[in-house]
Amino acid sequence: VQLQASGGGLVQAGGSLTLSCAASGRTFSNCIMAWFRQAPGKEREFVAAITRSGGNADYKDSMKGRFTISRDNAKNTVYLQMNSLKPEDTAVYYCAADRTGSGIYYLPGGYDYWGQGTQVTVSS
């Protein structure tokens, strides 16, 4: 699975962005998908994850109510809708795929494939 993230950019605090992650290959619908982010000097942190069917999702507490993860298996794409953005949301955002489902979904080590990252900058 190859992942290509896009949609990042510069936005003012309180604004919105939608990130997309397009996957190649025929196994996308078999993968648990997630978004992580990494700010300068910090560790990569969990943002959100979604099950294979898209029926269930989970978020880091600080993102609940502001971010929404979704997927379209027909388009091999996972999305992250981000609202009410804050300067502390500034980071490089990465999409990730777990093909086996055997990992811990909120830890980076649980994922087999990673996109290249897309920069999100929120100005105050």
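Note: the structure precedes this text.
Residues numbered from 1 in each chain as written. Predicted model: local features only at pLDDT ≥ 70, side-chain atom pairs only at ≥ 80, totals over all residues. Heavy atoms only, no water.

Colleague: Help me get a handle on the side chain of arginine 71, residues and values and all.
Modeller: The residue arginine 71 is located in strand β7 (residues 67-72) in this model. Put simply, arginine 71 is tucked away with no salt bridge, and the nearest opposite charge, on aspartate 72, sits 8.3 Å away. There is a polar contact of 2.8 Å between the side chain of arginine 71 and the backbone oxygen of phenylalanine 28. At 2.8 Å, the side chain of arginine 71 and the backbone oxygen of threonine 51 are in polar contact. (Helix = DSSP H or I, 4+ residues; strand = E, 2+ residues; numbered from the N terminus. Buried < 20%, exposed > 50% of the residue type's maximum accessible area, 1.4 Å probe, protein only. Lys, Arg positive; Asp, Glu negative; His and termini not counted. Salt bridge = Lys/Arg side-chain N within 4 Å of Asp/Glu carboxyl O. Polar contact = N/O pair within 3.5 Å; in protein donor to acceptor, adjacent residues only side chain to side chain.)

Colleague: Describe in detail the sheet that holds β7, supporting the description with residues and values.
Modeller: Judged by pairing direction, the sheet is antiparallel, and its 4 strands sit side by side in the order β1-β3-β8-β7 without closing on themselves. Looking at strand neighbours, the two that pair on one side only are β1 (3-6) and β7, the edges of this open sheet. Put simply, the sheet's adjacent strands are angled 15° from each other on average, direction ignored. Pairing geometry for β1 and strand β3 (residues 17-23), over 4 bridges, is antiparallel. Bridge assignment links alanine 5 to a residue of β3, and that residue is cysteine 21. (Pairing = 2+ DSSP bridges. Axes fitted to C-alpha atoms, helices over the stretch in contact; angles between N-to-C directions.)

Colleague: An account of the nonpolar core is requested, with residue identities and associated values reported.
Modeller: Residues Trp35, Phe67, Leu80, Met82 and Tyr93 are the most contacted members of the largest nonpolar core, which totals 29 residues. Those elements that place two or more of their residues in this core are β1, β3, β4 (32-38), β5 (45-50), β7, β8 (77-82), β9 (91-98) and β11 (118-123). Beyond its immediate sequence surroundings of up to four residues, methionine 82 is in contact with Gly15, Ser16, Leu17, Leu19, Arg66, Phe67, Tyr93 and Val120. (Core = buried A, V, L, I, M, F, W, Y, C linked by side-chain atoms within 4.5 Å. Contact = heavy atoms within 4.5 Å.)

Colleague: An account of the state of the cysteines is needed here, citing residue identities and associated values.
Modeller: Note: disulfide means a covalent bond formed between the sulfur atoms of two cysteine side chains. Across all of its chains, the model carries 1 disulfide by this definition. You can see cysteine 31 has no disulfide; the closest cysteine sulfur is in cysteine 21, sitting 10 Å from it. (Disulfide = S-S within 2.5 Å.)

Colleague: Give me the lowdown on the pattern of salt bridges, citing residues and values where you can.
Modeller: A complete count under the given rule lists 5 salt bridges for this structure. Note that aspartate 61 is salt-bridged to lysine 64, the shortest N-O span being 3.2 Å. Residue classification places aspartate 61 among the exposed residues on the basis of a relative accessible area of 60%. Aspartate 89 serves as the salt-bridge partner of arginine 66, at 2.7 Å between the closest nitrogen and oxygen. Of this pair, arginine 66 sits in the loop between β6 (57-59) and β7 while aspartate 89 sits in the loop between β8 and β9, and the two are 23 residues apart along the sequence. Aspartate 89 shares its class with arginine 66; the two are buried. Linked through salt bridges whose partners overlap, the residues forming this network are Arg37, Glu45, Lys60, Arg66 and Asp89.

Geometric descriptors of this kind do not, in isolation, establish any biological role.
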